[in-house]
Amino acid sequence: MQSEQPILKLYYLDTLGRGEPIRMLLNHAKIPFEDIRSDIHEFEEFKKKIGPKFEFGQVPVIETPDGELFSQSLAIMRLLGKWYGYYPQDPIAAWKVDSLLDGSGDLMEKYWQFAILEFIPDGYTPESAIAERLQEFLGTHLPQYLTVVQDRFKKNGNSKFMVGDTVTLAEFTSAQVAFNYLMNDNNKHGKLMSEVLGRDEFKEIKAYYMNLKDDIFKEYFETHRKTCQHPF
Ligand SMILES: N[C@@H](CCC(=O)N[C@@H](CS)C(=O)NCC(=O)O)C(=O)O
């Protein structure tokens with residue numbers, strides 16, 4: 001009997017964080033992959049078993065069929081983008097994509113830094129400090145981000161894409177911000193974040209996001225997306 005062909009593996013948590021845009025990209029590119037997930041509370045066990053594969057002791061990590069390992073979520077996105085045609089060759093267009101990837105990553109970092117404490121308390125940050133950081137996120141960081149990405153979107157002049165006239169890594173990272181956080185009913189702060197997005201001043205970026213869900217990534221959202229208990 002012939003053994004099954006090895007396929008690409010993605011090691012990540014059973015959440016919608018840094019690994020989810022990688023899942024979306026592989027799905028969009030129709031690359032079969034093994035989606036190896038660890039429960040967030042069992043990550044230490046997971047690491048004991050597979051840890052040597054995690055270069056920085058963290059996930060996401062991908063493993064190619066011939067056993068090569070690649071770490072760091074944004075670097076993985078760029079690598080897959082180059083392999084599967086989601087990363088522009090033109091340096092300025094590539095910068096546009098990169099800066100959106102990095103800017104979205106920064107926004108998520110700002111969110112995770114306080115939001116994670118509500119799920120896994122560190123034992124010393126008081127609730128009032130978390131509430132203050134949430135207000136700062138909603139009042140400053142999120143509107144600032146939405147203003148920038150909406151301006152970028154309008155400047156590109158295409159009704160569907162952030163950069164040029166085709167799907168790039170910018171669409172995967174945009175979908176992550178929009179649907180794993182801003183419009184995620186499972187997220188404790190989802191309602192508050194979607195109220196910010198729902199302001200009239202952000203209607204163009206919201207329309208762009210909705211088109212990602214209803215058109216570009218429709219199949220993913222309808223058939224492949226796993227909602228998870230954990231909102232990250
Ligand atoms: N810069 C890294 C950060 C990776 C990271 O923080 N991963 C988290 C999960 S989203 C993790 O593995 N945390 C467990 C740990 O750091 O021990 C990347 O973008 O991949």
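Residues numbered from 1 in each chain as written. Predicted model: local features only at pLDDT ≥ 70, side-chain atom pairs only at ≥ 80, totals over all residues.

Visitor: Quick question: what am I supposed to make of the overall build of the chain here?
Guide: The number of helices and strands found in the chain is 9 helices and 4 strands. Its helices and strands in sequence order give the chain the pattern β-α-β-α-β-β-α-α-α-α-α-α-α, from N to C terminus. Relative to a compact globule of 232 residues, whose C-alpha radius of gyration would be 17 Å, the chain shows 18 Å and is just as compact. Taken along its principal axes, the extent of the C-alpha atoms in the chain is 60 × 50 × 30 Å. (Helix = DSSP H or I, 4+ residues; strand = E, 2+ residues; numbered from the N terminus. Rg over C-alpha atoms; globule rule 2.2 N^0.38 Å.)

Visitor: Got a minute to help me understand the site of the ligand in this structure?
Guide: Neighbouring the ligand are the residues L13, G17, R18, F43, G57, Q58, V59, P60, Q72, S73 and L74. Residue composition of the shell around the ligand, by class: 5 nonpolar, 5 polar and 1 charged. (Near = placed C-beta within 6 Å. Nonpolar A, V, L, I, M, F, W, Y, C, P; charged D, E, K, R; others polar.)

Visitor: How should helix α3 (residues 73-84) be read in this particular structure?
Guide: An α-helical turn contains 3.6 residues, so a residue and the one three or four places further along point in the same direction. For α3, spanning 12 residues, the distance from its first C-alpha to its last is 16 Å, which sits close to the expected 16 Å at 1.5 Å a residue. At its buried positions, α3 is contacted by α1 (20-28), β3 (61-63), β4 (69-71), α4 (91-119) and α6 (169-182). (Expected span 1.5 Å × (residues − 1). Contact = placed C-beta atoms within 7 Å.)

Visitor: Is there a simple way to think about the nonpolar core in this case?
Guide: Where a protein is soluble and globular, its nonpolar side chains tend to be buried together. Ranked by internal contacts, the top residues of the largest apolar core, which has 47 residues, are L25, M77, V97, L169, A175, A178 and L212. With 9 residues, α6 is the single largest residue contributor to this core. Counting the residues that make up this core, at least three belong to each of domain 1 (8-84) and domain 2 (91-224). In this view, M77 contacts P21, I22, L25, L101, L169 and F172; residues no more than four positions away in its chain are not counted. (Core = buried A, V, L, I, M, F, W, Y, C linked by C-beta atoms within 7 Å. Buried ≥ 20, exposed ≤ 12 C-beta atoms within 10 Å, placed from the backbone. Domains from an automatic or database assignment.)

Visitor: Is there a simple way to explain the UniProt feature "domain: GST N-terminal" (unreviewed entry) in the chain in this structure?
Guide: Taking the numbering used here, the UniProt-annotated feature "domain: GST N-terminal" (unreviewed entry) corresponds to residues 6-88. With 35% helix and 22% strand, residues 6-88 has its two end C-alpha atoms placed 29 Å apart. (UniProt positions renumbered as here; feature names shortened; annotations may be inferred.)

Visitor: Honestly, the pairing of strand β1 (residues 8-13) in this entry has me stumped. Any pointers?
Guide: Every other side chain in a regular strand lies on the same face of the sheet, so the side chains alternate between the two faces. Alignment of β1 against strand β2 (residues 33-38), held across 6 bridges, turns out to be parallel. Residue pairing for β2: Y12 is matched across the bridge by R37. Bridge count for β1 against β3 is 3 bridges, and the pairing is antiparallel. In the sheet register, L10 faces β3, and the bridge partner there is I62. (Pairing = 2+ DSSP bridges.)

Visitor: So what exactly am I meant to see when it comes to the sheet that holds β3 here?
Guide: Strand pairing in a sheet takes place through backbone hydrogen bonds and is either antiparallel or parallel in direction. Taken in spatial order, the 4 strands make up an open sheet running β2-β1-β3-β4, and their pairing is mixed. The open sheet has two edge strands with one neighbour each: β2 and β4. The average undirected angle you get between the axes of adjacent strands in this sheet is 20 degrees. Here β3 pairs with β4 via 3 bridges, running antiparallel. (Axes fitted to C-alpha atoms, helices over the stretch in contact; angles between N-to-C directions.)

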